[in-house]
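# Residue-level structure breakdown
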Amino acid sequence: MTVEHTVLILLAAGRSQRYGDIGSKLDADFLGKPLGLHVAVALESVPFMARLAIIDGAKLDYGPYGFETIHNDDPGEGMSRSVRIGVQRARELGADAVLIALADMPRVTAAHILRMMDSASGEDAVVASSDGSETKPPALFGKGRFDYLLSLTGEKGAADMVKAGRHVVTNPAELIDVDTADDLERLRALVHDARAHTIIHDAATRDGARRSD
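Read on for an overview of the structure. (Residues numbered from 1 in each chain as written. Predicted model: local features only at pLDDT ≥ 70, side-chain atom pairs only at ≥ 80, totals over all residues. Heavy atoms only, no water.)

Next up on the list: the overall build of the chain. Per the secondary structure count, the chain includes 6 helices and 9 strands. In the chain, buried positions account for 44% of the 213 residues. Considering only intrachain contacts with a sequence separation of at least 6, the fraction spanning at least 24 residues in the chain is 70%. Approximately 10,600 Å² of the chain is accessible, and the part contributed by carbon and sulfur atoms is 50%. (Helix = DSSP H or I, 4+ residues; strand = E, 2+ residues; numbered from the N terminus. Buried < 20%, exposed > 50% of the residue type's maximum accessible area, 1.4 Å probe, protein only. Contact = heavy atoms within 4.5 Å. Areas by Shrake-Rupley, 256 points an atom, 1.4 Å probe, with all protein chains shown as cover.)

The next point concerns the side chain of serine 129. Summarising the element assignment, serine 129 is placed in strand E7 (residues 126-130). A distance of 2.8 Å separates the side chain of serine 129 from the side chain of histidine 112, its partner in a polar contact. (Polar contact = N/O pair within 3.5 Å; in protein donor to acceptor, adjacent residues only side chain to side chain.)

On the secondary structure map, serine 133 appears in the loop between E7 and strand E8 (135-142). Sequence separation between serine 133 and valine 169 is 36 residues, and the spatial gap between their C-alpha atoms is 9.0 Å.

For the rest of this paragraph, the subject is the nonpolar core. Core analysis: the largest hydrophobic core is formed by 65 residues, its most contacted members being Ile9, Tyr62, Val98 and Phe141. In this view, valine 98 contacts Thr6, Val7, Ile9, Val87, Ala90, Ala139, Leu140, Phe141, Phe146 and Leu149; residues no more than four positions away in its chain are not counted. (Core = buried A, V, L, I, M, F, W, Y, C linked by side-chain atoms within 4.5 Å.)

So, on to helix H3 (residues 110-118). Three or more residues of H3 are buried, namely Ala110, His112, Ile113, Met116 and Met117. Around the axis of H3, the buried residues are gathered within 160 degrees of arc, so they sit on the same side. Residues of H3 that are buried in the fold lie against strand E1 (6-12), helix H1 (38-42), strand E6 (97-102), E7, E8 and strand E9 (166-169). (Arc of directions from axis to C-beta.)

This is the structure:
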């Protein structure tokens, strides 16, 4: 299984009910760009076979990032409909695997996705992300799992299959998903604190170097 034969499915449809009556949370600003574009930007360098964005109410344009955009006309059915739409299109394209990611997880990195790919083998492969205590998206599925993914309905997910698969652990901060406005504020604070720590560390390093000279 290779990334060149894997289709990225970015789930960017949903009612954002827990976020509040503001339209789509994916349009909310995060670090100077819409929340829902961060994953698309982060994974630009990964040579996927194709990129699919399953959208609904967000105003985002995924075209500049190489995505084919597919509209989910009934997001109220649950995430499973977006999964089915994406997997069906990936099958039409002849994909050996799909990598399913969520547009409300803005800190996912290309390095993590490539580690997931390295952990996969065979058409029945299932590889999920983990923060060290629980499994989370993104998740990778070989084509032997497509029929199962196409059978999902409502909010039913592939939790049992994912738990039985391989898990690639990464920094929990990379797997934060934004369900509410409070989640987004906490993420902004976390990033701000991390940047402040880096600035202080770099300044201390430069000061130490000057003193040693």
